[in-house]
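Here is how the chains run, residue by residue.
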Amino acid sequence: MFTATFAPNQSLLNNIPQDLFSAIATIKKELNAVILAHYYQEGDIQDIADYIGDSLGLSQQAASTDADVILFAGVHFMAETAKILNPNKLVLLPDLNAGCSLADSCPPDKFADFKAQYPEHLVISYINCSAEIKALSDIICTSSNAVKIVKQIPKNQGIIFAPDQNLGHYVIEQTGREMILWDGSCIVHETFSEKKIVQLKVQHPQAEILAHPECEMSILRHADYIGSTTALLKYVLQTTSKEFIIATEPGIIHQMEKDAPEKLFIPAPPQSNCACNQCPYMRLNTLEKVYLALKNRTPQINITESIRVKALKPIQKMLEMS
Ligand code: 13P
Ligand code: SF4
């Protein structure tokens, strides 16, 4: 029988301190660094963060921080947004491969051709897109302010909404506005099984179904409450319900369990027997990579200045309109 032994790289292990929590705290102080983490990060990363939030909260924090270094525990478009807002700060992403299927579903050259078909339309882009797409946009939005922003646009103004078609359909339903949608989507939020969610509800009849608006309409129509990750967290704290089925990335359950330990949170199951409800990009970041990024001041996020200046305007517009 063939057996393999795992031989860890000793030099790598020697470079990683045993107590990562205190090592990260020390290095953070030396660098005057701040750690911003999204709710989809693993629990340990959330626990060492200075601020945990949804995409809007994280952008607001990035816009107001006086730290010299921003370690962004999230995905590339989030760290890029922090760099767009802070060109003179060092912005670090623990793993440069932490991308986003939604951002990837909207290549800038194809989007520029698409936009050219509607020259009079205003472009509202979900923050889950590249700096190049932001530079082609008039206003950025997140899942927590998309409805609010679209409601502020004059009724006779045509709108292109990109790149998430599911969020786009949800905003159309909430506002009654017609919008031209780009057909992008998130692999995580499209993985939930309507059938399995309905079966879970039969087993837990008291449970409320909470869903992120990146989910498909077939899931959203079963939801008792729809909102961004921060909105879902606030909702479970404010309602008297004790059981919930959570149709978004299960990283959010870490904070829900911390803030409401007496309540039961059941992750909505994916269609196949996989862990596909976990974002494979978000989960590339680890505590070790956070430590190494701070220690080595790499991987850094850098953006061409001409793109940054164009991408900044629609982000600032969002911050004003939120
Ligand atoms: P929010 O952070 O707005 O809840 O969006 C979730 C998400 O998919 C981030 O990639
Ligand atoms: Fe992108 Fe979806 Fe992952 Fe969010 S959960 S980072 S939208 S792939």
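Remember, predicted model here, so these are calculated numbers, not experimental data. (Residues numbered from 1 in each chain as written. Chains lettered and ligands numbered in written order. Predicted model: local features only at pLDDT ≥ 70, side-chain atom pairs only at ≥ 80, totals over all residues. Heavy atoms only, no water.)

1. Some words on the packing of helix H2 (residues 20-31) against helix H15 (residues 287-296)
For the pair H2 and H15, interaxial distance at closest approach is 10 Å and the crossing angle is 25°. With respect to their mutual orientation, H2 and H15 come out roughly parallel. Between H2 and H15 the crossing geometry is left-handed. Residue-level contacts link Leu20, Phe21, Ala23, Ile24, Ile27 and Leu31 of H2 to Leu287, Glu288, Val290, Tyr291, Leu294 and Lys295 of H15. A class-by-class count of the residues in the contact of H2 with H15 yields 10 nonpolar, no polar and two charged. (Axes fitted to C-alpha atoms, helices over the stretch in contact; angles between N-to-C directions. Helix = DSSP H or I, 4+ residues; strand = E, 2+ residues; numbered from the N terminus. Parallel < 35°, antiparallel > 145°, perpendicular 65-115°, else oblique. Left-handed = near helix turned anticlockwise from the far one by under 90°. Contact = heavy atoms within 4.5 Å. Nonpolar A, V, L, I, M, F, W, Y, C, P; charged D, E, K, R; others polar.)

2. Observations concerning the site of ligand 2
Neighbouring ligand 2 are Tyr40, Val75, Cys100, Ser101, Asn128, Cys186, Val188, Glu214, Cys279, Tyr281 and Met282. The class makeup of the residues in the shell around ligand 2 is eight nonpolar, two polar and one charged. (Near = heavy atom within 4 Å.)

3. So, the site of ligand 1
Near ligand 1 lie 13 residues; those nearest to it are His38, Ser55, Ser143, Glu214 and Thr229. Within the side chain of His38, a nitrogen or oxygen atom sits 2.7 Å from an oxygen atom of ligand 1. Contact between ligand 1 and Asn128: an oxygen atom at 3.2 Å from a side-chain N or O atom of the residue. Protein contacts shield 96% of the accessible area of ligand 1, which totals 300 Å² for the unbound molecule. Tallied by class, residues from the shell around ligand 1 come to four nonpolar, seven polar and two charged. (Polar contact = N/O pair within 3.5 Å; in protein donor to acceptor, adjacent residues only side chain to side chain. Areas by Shrake-Rupley, 256 points an atom, 1.4 Å probe, with all protein chains shown as cover.)

4. Things to note about the pattern of salt bridges
The tally for this structure, following the rule as stated, stands at six salt bridges. The partner of Glu194 in a salt bridge is Arg221, with the nearest N and O atoms 2.8 Å apart. One end of the pair, Glu194, is in helix H11 (residues 194-203); the other, Arg221, is in the loop between helix H12 (217-220) and strand S10 (225-226), with 27 residues separating them in the sequence. The exposure class of Arg221 is exposed, given its relative accessible area of 60%. Between Glu249 and Arg283 there is a salt bridge, with its nearest N and O atoms 2.8 Å apart. Residue Glu249 is found in the loop between strand S11 (243-247) and helix H14 (252-259), and its partner Arg283 is found in the loop between strand S12 (264-267) and H15; the two are separated by 34 residues along the sequence. A relative accessible area of 0% means that Glu249 is categorised as buried. (Salt bridge = Lys/Arg side-chain N within 4 Å of Asp/Glu carboxyl O. Buried < 20%, exposed > 50% of the residue type's maximum accessible area, 1.4 Å probe, protein only.)

5. Overview of the state of the cysteines
One pass over the full model with this rule turns up one disulfide. In this model, Cys274 is linked to Cys276 through a disulfide, with the two sulfur atoms separated by 1.7 Å. Taking the sign of the S-S torsion, -125° for the link of Cys274 and Cys276, the bridge is left-handed. The exposure class assigned to Cys274 is partly exposed, which follows from its relative accessible area of 29%. (Disulfide = S-S within 2.5 Å.)

Take it as geometry only, folks, not as evidence of what the structure does.
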